[in-house]
Amino acid sequence: MKFTLAVVAFFAIAAGSALAEEKKINDGFLIKQYKRHPAADLDNNGRLSAEEWREFQVKLKLNAEMAEDETAASRVTGFRGKPVLPTHPEVAYGPLPEQRLNLWLVPSDKPTPLIIHIHGGGFFQGSKHSTIDAALHERLIAAGVSYASIQYRFQSKENPLPEVLRGIARAIQFLRHHSDEWNFDKERFGAFGSSAGAAASTWLGMRDDLADSSSSDPVLRESTRVQAVWAMSVAPTMDIWEWPRYNPLFNEKMISSWIKRWGYDPDTDPNDPTVLAWRNELRFSQLASKDDAP
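Quick notes on the rules
- Residues numbered from 1 in each chain as written.
- Predicted model: local features only at pLDDT ≥ 70, side-chain atom pairs only at ≥ 80, totals over all residues.
- Heavy atoms only, no water.
- Salt bridge = Lys/Arg side-chain N within 4 Å of Asp/Glu carboxyl O.
- Helix = DSSP H or I, 4+ residues; strand = E, 2+ residues; numbered from the N terminus.
- Buried < 20%, exposed > 50% of the residue type's maximum accessible area, 1.4 Å probe, protein only.
- pLDDT = per-residue confidence, 0-100.
- Contact = heavy atoms within 4.5 Å.
- Axes fitted to C-alpha atoms, helices over the stretch in contact; angles between N-to-C directions.
- Parallel < 35°, antiparallel > 145°, perpendicular 65-115°, else oblique.
- Left-handed = near helix turned anticlockwise from the far one by under 90°.
- Polar contact = N/O pair within 3.5 Å; in protein donor to acceptor, adjacent residues only side chain to side chain.

Novice: Can you walk me through the pattern of salt bridges in this structure?
Specialist: Under the defined criterion, the tally for this structure stands at 11 salt bridges. For the salt bridge of Arg225 with Asp291, the shortest nitrogen-to-oxygen distance reads 3.6 Å. Here Arg225, found in the loop between α6 (196-206) and β8 (228-232), pairs with Asp291, found in the segment after α10 (284-287); they are 66 residues apart in sequence, far enough to count as distant. Judged by its relative accessible area of 56%, Asp291 falls in the exposed class. Linked through salt bridges whose partners overlap, the residues forming this network are Asp239, Glu242, Arg245, Arg279 and Arg283.

Here is the structure:
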């Protein structure tokens, strides 16, 4: 009996020593990481917890992925060589000051397809590209394809994401409305982007047509549908409360952070009828149909 107790006591002490040593190592690691990355101290209390470090690592990875996607997008859109200014710069496609687009028309004796670039930035930052480079411009001319890059109003409490997306859809309608003037084939529109731009492109490719044939605004009578989508780093849904279903590292605290970033009240009720209405419009799986753009 005494021997058994002694063995138990030995292992208990050994386990306690191991835990203490592990804690010491972890504390030393966190202190080192805090010195390297003070922004990881999310509650600004001068100490870095393991939970904060895990959350910061997720955020750091997401930021790195977004930067990588934007770099990939910039390779496609230009900025690498001699710039080519837009044929039509700062074209207003709506009444808001943010609703502007740049347009590059290619010479053609027949209507051209149109590629529309939608910038990323989480729907709260970023801007349309003001130019493309000569190499891309030559490729567009060789392919007989025109190109546009659009700016849009960012998300806020007064302008929730469905309204942001409808504003972007207006740019598609505006460009279609001017198809004859700018020599577009209105049945060959494609949208692309990364991150937020990818989400908007996917939404355009899957959302039922918003054309309103009875509208007094001739722009809104045009189709919002696109015939092709290229989405880089797109989420499976833009309903933020669904994100933990697809990424278990995305917790309630991170949801709250994004809600505040987008200008909503931190205590927004996800089941409020008004909120539920626009959440449903952001779930790509509910928008999918067999006639969607590839």
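Novice: So what exactly am I meant to see when it comes to the confidence of the model for the chain here?
Specialist: Any region with low pLDDT has predicted coordinates that should not be read closely. Of the residues in the chain, 83% reach a pLDDT of 70 or more, and the chain-wide mean stands at 83. Scored below 50 in pLDDT, residues 5-19 shows 0 contacts in the model against residues more than four places distant or in partner chains. Every residue in residues 21-25 is under pLDDT 50, and counting partners more than four places away or in other chains gives 0 contacts.

Novice: Which parts of the structure should I look at to understand the packing of helix α4 (residues 161-177) against α6?
Specialist: The relative placement of two packed helices is expressed as an angle between their axes plus a distance between the axes. Put simply, α4 and α6 touch, their axes get as near as 10 Å, and they point 70 degrees apart. The angle between the axes of α4 and α6 places the two elements in the roughly perpendicular class. Of the two possible hands of crossing, α4 and α6 adopt the one that is right-handed. On α6, the residues that touch Leu165, Arg166, Ile168, Ala169 and Ile172 of α4 are Ala200, Trp203 and Leu204.

Novice: Mind showing me how you'd approach unusual backbone geometry here?
Specialist: Trans is the common state for peptide bonds, and a negative phi is the common state for residues other than glycine. Here the phi dihedral of Phe123 falls at roughly 65 degrees; this positive angle occurs in a residue that is not glycine. Along the polypeptide, Phe123 turns up in the loop between β4 (112-118) and β5 (132-133). A residue is classified by how much of its surface remains accessible, and Phe123, at 1% relative accessible area, is buried. We note that Ser233 has phi near 60 degrees; this positive angle belongs to a residue other than glycine. Secondary-structure assignment places Ser233 in the loop between β8 and α7 (243-246).

Novice: In this structure, what is going on with the side chain of Gln155? I would like to understand it.
Specialist: Among the structural elements, Gln155 can be located in the loop between β6 (146-150) and α4. Side-chain polar atoms of Gln155 contact the backbone nitrogen of Leu161, separated by 2.5 Å. Not counting the four nearest positions on each side in its chain, Gln155 is found in contact with Phe123, Pro160, Leu161, Val164, Trp262 and Tyr264.

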